[in-house]
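Structural characterization, general
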Amino acid sequence: MKESLLNKVTLLSTLIVLLALTGRAQTTFTAGNLNYQVNDDGVSVTVTGHVNGYDAAGELNIPESVSHGGNDYTVTAIGSCAFLYCFYLTDLTIPNTVTTIGDGAFSYCQGFTGDLVIPNSVTTIEYGAFQYCFGLTGLALSNSVETIGDYAFNSCDNLTGTLYIPSNVTSLGGNSFGYCALDSIVVDPANIFYDSRNDCNAIIETSTNELITGCKNSFIPNTVASIGYCAFRGIDGLESVVFPESLVSIGENAFAFCYDLKGDLTIPNSVTTIGPSAFFDCQGLDGTLTIGVSVTFIGDWAFRNCWAITSAVSLAPTPPALDDELGGLVFDNFGTSTLTVPCECSSDYQNSNWHDPYAMNGFATFIEDCSAVAEAGTDAMTVYPNPTKGAFHIGGIADGGLLTVSDMSGRTIAYKDIVNPNNMVSLSLSPGLYLMTLTTRDGIRHHTQLIVK
């Protein structure tokens, strides 16, 4: 009887405590000129906004702790959209107690100027946290930061200097630094998830060899397999780009709105996929577009509004598939209506959706210029089938030579003496991406990539 009563009392006490904590979690209050909400732990709070809303002006000093109802609370988070559209705030101080800066917390706070210092307590900067903070000119990320969300610092147009990515960053979202004017990017060498190999001034995801964030002074190392989503989107001052023969894919929006890109654009023979809007609105490109031999797919809007392009060449013997999901528009408002193609391929292009007699979204004329295509593809080599399970043919060259197979880190995996490139080549390779280099008897090197399933 006593034990049963004791159990009931214990259960009732637990319920009272839980109800109290739940009540606290829903508590909101105002202290000074800021609004707060008590967190689930009952001892910390999240800043939810300014008492003056969008009209908040002047310095914004977020305190380390606040008192309410006889209780002291530690400020540990800045809530989602807490200061969204607070155009008139001029200075920001974040205390060394905050761990999370929420989605859009300071988005459009265009009055912030100078350097933004993220304190050592912050671990998470969420989606669009400082998006469109035009006045920021520098950024110092603390070693505590682990997660930077999509668009976190997007469109901070005046953000210049060097961006340092700390060793503890494990997750970096897409377009985090789009439309910025960064001079250089350095990843801490101790970071096991990302790197900036070869002083490339970019962020590369180490496990996939995908370049996910670049700046105006980036170059792409020859171990990079893909350019990620929005990697260079809207980057100011990016005037040219050279792709390595290790590259397999160019992602969606990878170079969209790069208005400063100019001259020729050459897609290397190793690339198989060009994503949607990859070069959308690159209006400064005013030379020749050359599409490599291995391209099999080009996404919607990939070259839309590249109206200054003066000539175009496709080295692909089979017309790459054009994505029609959004109505195509791959070559809408494109600079030329004539495409140079390989020998005996004009009819294939003519009978595909590359052909548009009105040149509104495609090409009205196809020219077979065998000498020009052969010259452009001098160092071209193809392997097929690709992907493969280990057996393949080599195309695009006439002579044999020494075939060197390397992994994406540059480590040599295998050698193979090729007597006749038309013969089937068999190699025992684990699934993955490999770099293939064939050095002919006269010393000419041919490069491509091989995907093993």
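Residues numbered from 1 in each chain as written. Predicted model: local features only at pLDDT ≥ 70, side-chain atom pairs only at ≥ 80, totals over all residues. Heavy atoms only, no water.

**With respect to the overall build of the chain**
Counting its regular elements, the chain contains 3 helices and 35 strands. The buried share of the chain, reckoned over its 453 residues, is 52%. The contacts in the chain between residues at least 6 apart in sequence include a share of 49% that link residues at least 24 apart. Summed over its atoms, the accessible surface of the chain is roughly 20100 Å², and 51% of this surface lies on carbon and sulfur atoms. (Helix = DSSP H or I, 4+ residues; strand = E, 2+ residues; numbered from the N terminus. Buried < 20%, exposed > 50% of the residue type's maximum accessible area, 1.4 Å probe, protein only. Contact = heavy atoms within 4.5 Å. Areas by Shrake-Rupley, 256 points an atom, 1.4 Å probe, with all protein chains shown as cover.)

**Examining the sheet that holds strand β21 (residues 265-266)**
The strands that make up a sheet pair up through hydrogen bonds in the backbone, lying either parallel or antiparallel. Read across the open sheet, the 5 strands follow the order β21-β23-β25-β27-β28; overall the sheet is parallel. The outermost strands of the open sheet, each flanked by one partner alone, are β21 and β28 (365-368). Taken together, the 4 bridges between strand β23 (residues 288-291) and strand β25 (residues 311-314) define a ladder with parallel strand orientation. Directly across from T288, in β25, lies its bridge partner S311. (Pairing = 2+ DSSP bridges.)

**Remarks on the side chain of T223**
Within the element layout of this structure, T223 appears in the loop between β18 (210-214) and β19 (226-227). A residue is classified by how much of its surface remains accessible, and T223, at 9% relative accessible area, is buried. A distance of 2.8 Å separates a polar atom in the side chain of T223 from a polar atom in the side chain of R197. (Polar contact = N/O pair within 3.5 Å; in protein donor to acceptor, adjacent residues only side chain to side chain.)

**Description of the sheet that holds strand β16 (residues 194-195)**
Read from one edge of the open sheet, 8 strands run β16-β17-β18-β19-β20-β22-β24-β26, paired in mixed fashion. In the strand order of this sheet, the two ends are held by β16 and β26 (321-322), each with one partner. Of the strand pairs in this sheet, strand β17 (residues 202-205) and β18 are connected by 4 bridges, and their pairing is antiparallel. Paired with A202 across the bridge in β18 is G214.

**Re unusual backbone geometry**
Across residues other than glycine, the phi torsion is negative in most instances, and most of the peptide bonds are trans. Here Y132, not a glycine, exhibits a phi torsion of approximately 65°, which is positive. Its place among the elements puts Y132 in the loop between β10 (124-125) and β11 (136-140). If you check the backbone angles, E344 has positive phi at about 60° while not being a glycine. Here E344 shows up in the loop between β27 (338-341) and α2 (346-350).

**Considerations on a nonpolar patch on the surface**
On the surface, a cluster of nonpolar side chains totalling about 440 Å² of accessible area is made up of Y54, Y85, F87 and Y88. Mapped onto the fold, Y88 is located in strand β7 (residues 88-93). Overall, the relative accessible area of 48% leaves Y88 in the partly exposed class. (Patch = residues over 30% accessible without salt bridge, like charges linked within 9 Å, V, L, I, M, F, W, Y side chains within 5 Å. Salt bridge = Lys/Arg side-chain N within 4 Å of Asp/Glu carboxyl O.)

**Overview of the pattern of salt bridges**
Applying the stated criterion across every chain yields a total of 4 salt bridges. With a shortest N-O distance of 3.2 Å, D183 and K216 are connected by a salt bridge. Within this pair, whereas D183 is found in the loop between β14 (171-172) and β15 (184-187), its partner K216 is found in the loop between β18 and β19, the two being separated by 33 residues in sequence. Notably, a salt bridge pairs D195 with R197, separated by 2.8 Å at the nearest N-O pair. By relative accessible area, R197 is classed as buried at 17%.

**Some thoughts on the state of the cysteines**
For the coordinates displayed, the defined rule picks out 0 disulfides. In this model C156 remains outside any disulfide bridge; the closest cysteine sulfur is found in C180, 5.2 Å from its own. We classify C156 as buried; its relative accessible area is 0%. The thiol of C282 is unpaired, and the distance to the nearest cysteine sulfur, on C306, comes to 5.2 Å. (Disulfide = S-S within 2.5 Å.)

**Observations concerning the nonpolar core**
Counting residues in each nonpolar core, the largest one holds 54 residues, and the members touching the most others are F83, I101, F106, I125, F130 and F153. Those elements giving two or more residues to this core turn out to be β1 (28-31), β2 (34-38), β3 (44-50), β6 (71-78), β11, β13 (162-165) and β15. Apart from the residues lying within four places of it in its own chain, the contact partners of I101 are I78, I94, F106, I118, V122, T124, I125, E126, A129 and F130. Core analysis: the next-biggest nonpolar cluster, separate from the first, contains 48 residues, L285, I291, I298 and Y349 among them. (Core = buried A, V, L, I, M, F, W, Y, C linked by side-chain atoms within 4.5 Å.)

**Overview of the side chain of S314**
Along the chain, the position of S314 falls in strand β25. Take S314: its relative accessible area is 0%, and that puts it in the buried class. A distance of 2.6 Å separates the side chain of S314 from the side chain of Y349, its partner in a polar contact. Ignoring sequence-local partners within four residues, the contact set of S314 consists of I291, L339, T340, V341, P342 and Y349.

**Side note on the environment of T340**
Relative to the assigned elements, T340 resides in strand β27. Sequence separation between T340 and F366 is 26 residues, and the spatial gap between their C-alpha atoms is 5.8 Å.

**What to know about the confidence of the model for the chain**
With 89% of its residues at a pLDDT of 70 or more, the chain shows a mean pLDDT of 88. Confidence drops under a pLDDT of 50 for residues 1-25, and excluding neighbours within four residues, the segment shows 7 contacts in the predicted structure. The model gives residues 372-378 a pLDDT under 50, and that stretch makes 8 contacts with residues more than four places away or in other chains. (pLDDT = per-residue confidence, 0-100.)

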